[in-house]
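Geometric and topological summary
One-letter residues, chain by chain:
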Amino acid sequence: MLGQIGMMLHTGDLSVDEIVQLARTAESLGYEGFWLTEESGKEAFAILGVLARETERINLGTSIVNFYSRSPMLLAMGASTIYRMSGGRFTHYGLGSGGIGFMEQGHGIKMERPLARAKEVVDIVRGYLTSERFSYEGQWFSPKNFHLREGPLPEPIPLYLSALGPKMVGQAARIADGLITNWLTEESYELYAGIIKKEAEAVGRDPKEVKLLSLTMAAGEDAASVDAMRRGLAFYFASPHYHPIAEVSGYGKQAREIQAVWQTRDYAAASRLVTDEIVEKFAVMGSPEIRARKLRWMMDLGVYPIMYPIMRHGHTVDDHFLVAELSASYLGHTSAQST
């Protein structure tokens with residue numbers, strides 16, 4: 001086993017057969033978990049159902065499914081179904097508001113009051129999965145003395161909130177079992193740890209009960225892969241949601257410059273502003289030794305890295321497997337499996 005580390009993918013990037021092959025590869029390499037990010041690709045629970053039958057050991061998770069387009073009861077039913085299909089291997093349930101473009105442009109749903117929505121959904125999903133009968137008086141949902149037909153699960157499923165900003169990090173520390181972030185740096189870790197301690201203790205929780213997980217962007221070691229990462233990071237720098245992380249990590253000025261160029265639609269120019277230093281700061285990149293050191297730093301702190309492949313143009317399938325193999329090798333695993 002590699003330890004507490006997972007592999008993720010966007011469900012629209014690979015075919016169903018390729019997703020199954022990648023999950024089996026991650027399983028053979030010793031990854032703890034295999035995670036799906038849904039967005040506008042394949043529907044997550046359908047794919048999780050396939051993986052529940054096509055894998056044997058690896059745990060399954062979502063990173064994330066949004067809590068606006070499904071009701072809390074439907075979210076609870078999905079979790080219950082996959083847990084039972086997989087023999088208890090659905091052990092990571094990441095929920096979140098979803099990206100603004102995905103939600104408002106795709107679903108046509110306005111992302112109103114995400115902090116309050118997060119609390120209500122977590123309360124109700126947890127209630128259905130752990131209670132024989134459940135009632136709740138919420139702002140959006142008010143189930144009355146109801147239950148899932150198959151009853152509660154035999155054990156709780158950890159519920160994680162997707163969180164970047166301090167307010168959602170604090171909400172996760174108060175109500176969830178952990179939070180899933182992105183772009184973890186030394187500085188953002190210290191910021192999050194401080195918020196978790198303050199907010200967890202404010203509601204009488206032990207901060208150690210709040211698990212910190214992070215999407216962890218990675219690519220191959222060749223020059224084309226580094227260029228792909230520059231563009232991938234530039235895309236995120238163009239979003240103001242990531243500017244607080246850039247700011248606290250010492251790259252606020254660069255973030256604003258990259259965003260300004262990206263908005264002119266000169267994506268190549270914006271990508272060129274992403275220096276090698278920035279690439280190594282916000283992703284698992286650089287020499288194999290630097291990459292291994294960053295992964296070990298995260299895991300030694302108890303952070304769970306969820307490896308997030310960034311692909312070269314024309315190498316979407318290959319680079320998912322490449323990142324899985326490389327990341328395992330950085331942790332000292334040698335695989336004999338051919339991909």
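Nothing here was measured: the structure is a model prediction, and the numbers come from that model. (Residues numbered from 1 in each chain as written. Predicted model: local features only at pLDDT ≥ 70, side-chain atom pairs only at ≥ 80, totals over all residues. Heavy atoms only, no water.)

1. As for the nonpolar core
Counting residues in hydrophobic clusters, the biggest one holds 115 residues, and the most contacted among them are Tyr31, Phe34, Tyr93 and Trp183. Discounting chain neighbours no more than four positions away, the residues touching Trp183 are Ser188, Ser214, Leu215, Met217, Leu233, Tyr236, Phe237, Tyr242, Ile245, Ala246 and Phe282. (Core = buried A, V, L, I, M, F, W, Y, C linked by side-chain atoms within 4.5 Å. Buried < 20%, exposed > 50% of the residue type's maximum accessible area, 1.4 Å probe, protein only. Contact = heavy atoms within 4.5 Å.)

2. Topic: unusual backbone geometry
The peptide bond linking Ser63 to Ile64 adopts the cis configuration, its omega dihedral lying at 20°. Within the secondary structure, Ile64 is located in strand β3 (residues 59–66). Positioned with a positive phi, Trp183 is a non-glycine residue whose angle comes to about 60°. Here Trp183 shows up in the loop between β6 (178–182) and α7 (186–202). Among the residues examined, Trp183 registers a relative accessible area of 1% and is labelled buried. (Helix = DSSP H or I, 4+ residues; strand = E, 2+ residues; numbered from the N terminus.)

3. Comments concerning the pairing of strand β8 (residues 304–309)
Judged by how many residues are buried, β8 sits mostly within the fold: 6 of 6 residues are covered. The alternating pattern of β8 places Tyr304, Ile306 and Tyr308 and Pro305, Met307 and Pro309 on opposite faces, both of which are buried. Pairing analysis gives 2 bridges linking strand β1 (residues 6–10) to β8, with the strands arranged parallel. Bridge assignment links Met7 to a residue of β8, and that residue is Met307. With 6 bridges joining them, strand β7 (residues 211–218) and β8 adopt parallel strand pairing. Residue pairing across strands places Ser214 opposite Pro305, the latter belonging to β8. (Pairing = 2+ DSSP bridges.)

4. Thoughts on the pairing of strand β2 (residues 33–37)
The element β2 is extensively covered by neighbouring structure, given that 5 of its 5 residues are classed as buried. Taking every second residue as pointing to the same face, both faces of β2 are buried, with Gly33, Trp35 and Thr37 on one and Phe34 and Leu36 on the other. Relative to β2, β1 runs parallel, the two sharing 5 bridges. Counted as the bridge partner of Gly6 is Gly33 from β2. With helix α2 (residues 44–54) bridging β2 and its parallel neighbour β3, the resulting β-α-β unit is right-handed. (Right-handed = clockwise from strand over helix to strand, strands pointing away.)

5. Re the pattern of salt bridges
Here the idea is simple: oppositely charged side chains can pair when their charged atoms come close. What the rule picks out here adds up to 18 salt bridges. Measuring nitrogen to oxygen at the nearest pair gives 3.2 Å for the salt bridge that ties Lys197 to Glu201. Linking Lys197 with Glu201, this pair stays in helix α7, spanning 4 residues, or about one helical turn. A cluster of three or more residues bridged by salt bridges with shared partners is formed by Glu38, Glu43 and Arg70. (Salt bridge = Lys/Arg side-chain N within 4 Å of Asp/Glu carboxyl O.)

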